[in-house]
Amino acid sequence: MPAPRVSLPAADLARIVVFAAFIAVLGIFPGIYFGASGVPVVIQNAGPLLAGVLLGARRGTASVVLLLALTAIGLPLLSGGRGGLAPFVGPSGGFLFGWILSALVAGLIVSRAAKPNLPVIGLATLAGLLSSYLIGIPFLGAYIGDLGAAAVQSLVFVPGDLAKVAATAAIAAVVHRALPGTLPRTARTE
């Protein structure tokens, strides 16, 4: 017996598509390469965090998967105009896959909160970022052949990523405060 189909209301589908487009727009800002890791520092990785804390786990993750699928088929949606399969098998591939877990973790934490305020959203975005590192660093380690070197090379991203976590949490807290009846309710009903 086939599993029942999960249908998405039009508003949910629209949110998913708009957030995928928003994450793509964040890719307009070019990446800055530091060190020898081959992984750029980009603003775009704040998009999955924001999608997770604003849309919730299911819809936030869906928006990231949509963006990555469009990228994989060749659309140049990643920072610096990258697209196709090459970014997924290069040094930053693990971090791209980590975006999926990042949106999921951030969305789960916010959706479980009684009131998504700044501390909760800050914790959610930090946990989302760390989950991205959880996939990205071992992937980079496998790519370069040295997990320890990958971990050390990834330290260059920490200050910028922490700033993005703070900015993302502040933006999401303002949105949650401005739209209290819309976003928390939709996130909790996942």
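Procedures and definitions
Residues numbered from 1 in each chain as written. Predicted model: local features only at pLDDT ≥ 70, side-chain atom pairs only at ≥ 80, totals over all residues. Heavy atoms only, no water. Helix = DSSP H or I, 4+ residues; strand = E, 2+ residues; numbered from the N terminus. Buried < 20%, exposed > 50% of the residue type's maximum accessible area, 1.4 Å probe, protein only. Contact = heavy atoms within 4.5 Å. Areas by Shrake-Rupley, 256 points an atom, 1.4 Å probe, with all protein chains shown as cover. Core = buried A, V, L, I, M, F, W, Y, C linked by side-chain atoms within 4.5 Å. pLDDT = per-residue confidence, 0-100. Patch = residues over 30% accessible without salt bridge, like charges linked within 9 Å, V, L, I, M, F, W, Y side chains within 5 Å. Salt bridge = Lys/Arg side-chain N within 4 Å of Asp/Glu carboxyl O. UniProt positions renumbered as here; feature names shortened; annotations may be inferred. 1 Å grid on protein atoms, 1.4 Å probe; cavity = no way out; pocket = protein on both sides within 12 Å on 5 of 7 lines; lining within 4 Å. Points joined across faces, edges and corners; volume = space filled by probe spheres on them. Nonpolar A, V, L, I, M, F, W, Y, C, P; charged D, E, K, R; others polar.

Colleague: Explain the overall build of the protein to me, using residue names and the numbers behind them.
Modeller: Each helix and strand counted, the protein has nine helices and two strands in total. Buried residues in the protein amount to 44% of all 190 residues. Looking at the protein alone, contacts between residues at least 24 apart form 70% of all its contacts between residues at least 6 apart. When the accessible surface of the protein is summed, it comes to about 9200 Å², and 76% of that surface belongs to carbon and sulfur atoms.

Colleague: How would you sum up the nonpolar core? Please name residues and give values.
Modeller: Counting 24 residues, the largest nonpolar core has Val 53, Trp 99 and Ile 121 as the members making the most contacts within it. Mapped onto this core, the elements with two or more residues apiece are α1 (10-26), α2 (46-55), α3 (57-72), α5 (93-112), α6 (118-144) and α8 (158-178). Once residues lying within four places of it in the same chain are set aside, the contact partners of Trp 99 are Ile 23, Gln 44, Asn 45, Pro 48, Val 64, Leu 67, Leu 68, Leu 78 and Ser 132. Counting residues in each nonpolar core, the second largest holds 10 residues, with Val 41, Phe 95, Phe 157 and Val 165 among its members.

Colleague: Quick one: what's the story with the confidence of the model for the protein, residue by residue and with numbers?
Modeller: Summarising the model, the protein shows a mean pLDDT of 89, and 88% of its residues fall at 70 or more. Note that residues 184-190 has pLDDT below 50 and, in this model, 19 contacts with residues that lie over four places away or in other chains.

Colleague: So what's going on with a nonpolar patch on the surface? Residues and values would help.
Modeller: A cluster of nonpolar side chains, contributed by Val 25, Ile 28, Phe 29 and Ile 43, occupies part of the molecular surface with about 390 Å² of accessible area. Among the structural elements, Ile 43 can be located in the loop between β2 (40-41) and α2.

Colleague: Explain the UniProt feature "transmembrane region" (unreviewed entry) in the protein to me, and be specific about the residues and the numbers.
Modeller: What UniProt calls "transmembrane region" (unreviewed entry) maps, in this numbering, to residues 12-33, 39-57, 64-81, 93-111, 123-144 and 150-175. This span, residues 123-144, is 100% helix and 0% strand, and a straight line between its end C-alpha atoms measures 31 Å.

Colleague: Now, about the side chain of Thr 71: what can you tell me, with residues and values included?
Modeller: Secondary-structure assignment places Thr 71 in helix α3. For Thr 71, the residues in contact, after removing those within four places along its chain, are Leu 77, Leu 78, Arg 82, Gly 83, Gly 84 and Phe 88.

Colleague: Lay out empty space enclosed by the protein with the relevant residues and their values.
Modeller: Taken as a whole and assessed by the stated rule, the structure comprises two cavities of 30 Å³ or more. Taken as a whole, the second largest cavity encloses approximately 30 Å³ of empty space. What lines the second largest cavity is Asn 45, Leu 49, Trp 99, Ser 102, Leu 129 and Ser 132. Looking at the lining of the second largest cavity, the elements with two or more residues in it are α5 and α6. Tallied by class, residues from the lining of the second largest cavity come to three nonpolar, three polar and no charged.

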